[in-house]
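Structural overview for review
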Amino acid sequence: MSRAQVSSQPLVYGEHPDQVADLFLPAAGSGPAAPLVLFFHGGFWRAEHDRQHVAGFVRALAAQSGCAVAGVEYRRVGGGGGWPVTLTDTAEAVDRLPHLAAQAAPGRVDPARVVYAGHSAGGHLALWAALRHRIPYGAPGRTETPPAVLGVLALAPTADLAWADERGSGRGAVAAFLGGGRGQVPDRYAAADPAALGVPAGRTVVVHGDLDEALPVAMARRYAARAGATLHELPGAGHFDVIDPDSAAWPVVTEALRTVVAGVEA
């Protein structure tokens, strides 16, 4: 399918200007409504990085996967985000956007077939969103029941916040996001760290390059072993190859999404 065969429209899931998403729709057909992928961009949760840097990836994913894909924005550190706002925005996005997308594109989006996906810090948010039933009582974003999600596609995710903070990943990005190190705000790490929260709802597939310069593949290996996730380790791939439609990683990413949607072994 050509990348040109995609239409887009904005969605608004809250009152803040950053509580928005861009919905990309594959070419209309006579088949059933498409599954919806909610994609969270990376940038170590910082305001200087927004959803525009993954717009081409999101458009290509909609065109070539046959899924509707929403590139989700959220408040970030330096722009009113951080703990707990970035997490509550994420929770509000996954709760509201499936219905909003189905309203915006009647008959073309299936709000009951949803995948959470993201890259880097956005991969963290996608994993966390599928773990909201496991976070401590009273923590921001908690739900009493597992999210109704097919699964998670996490691309080079910040899957272990404590370990990333110890390594100083992103020039202290985790501490800036949560307001301190694990020894200073342990309750926040307990509520926000996928590595501490168990197995997400649905199938979890992680794609990570073994030459990732921002987040080492060892993090993905540790997380996958702990959470029972499927890990696709890409030889020779760096941090941004997994969101480049022209890279050798692209077929692996699209196939991984297919397995999450279909519920088959990756």
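This part covers the sheet that holds strand S4 (residues 68-72). Strands sit in the order S1-S2-S4-S3-S5-S6-S7-S8 across an open sheet of eight strands; the sheet is mixed. For this open sheet the edge positions go to strand S1 (6-12) and strand S8 (230-234), each flanked by a neighbour on one side alone. Along the sheet, successive strands turn relative to each other by an average axial angle of 20°, direction set aside. As defined by bridge partners, strand S5 (residues 109-119) adjoins strand S6 (residues 151-155) across five bridges and the pair is classed as parallel. Residue pairing across strands places His119 opposite Leu155, the latter belonging to S6. Where helix H2 (residues 85-104) meets the sheet, it contacts S1, strand S2 (20-26), strand S3 (34-40), S4 and S5, and its direction lies at approximately 145° from that of S3. Strand contacts of helix H9 (residues 250-262): S3, S5, S6, strand S7 (203-209) and S8, with the helix running at about 170° to S7, the strand carrying the most contacts.

Inspection of the entire model under this criterion finds five aromatic pairs. Summarising the aromatic geometry, the rings of Phe40 and Tyr74 are spaced 6.3 Å apart at their centres and angled 50° between planes, so their arrangement reads as tilted. Residue Phe40 is located in strand S3, and its partner Tyr74 is located in the loop between S4 and H2; the two are separated by 34 residues in the primary sequence. A residue is classified by how much of its surface remains accessible, and Tyr74, at 0% relative accessible area, is buried. Positioned over the ring face of Trp163 is Arg167, at 5.4 Å from the centre of the ring. A cation over a ring is seen here: Arg222 above Trp163, with NZ or CZ 4.4 Å from the ring centre.

Rules and cut-offs
- Residues numbered from 1 in each chain as written.
- Predicted model: local features only at pLDDT ≥ 70, side-chain atom pairs only at ≥ 80, totals over all residues.
- Heavy atoms only, no water.
- Pairing = 2+ DSSP bridges.
- Helix = DSSP H or I, 4+ residues; strand = E, 2+ residues; numbered from the N terminus.
- Axes fitted to C-alpha atoms, helices over the stretch in contact; angles between N-to-C directions.
- Contact = heavy atoms within 4.5 Å.
- Phe/Tyr/Trp six-rings, centres within 6.5 Å; stacked < 30°, edge-to-face > 60°.
- Buried < 20%, exposed > 50% of the residue type's maximum accessible area, 1.4 Å probe, protein only.
- Lys NZ or Arg CZ within 6 Å of the ring centre and 35° of its normal.

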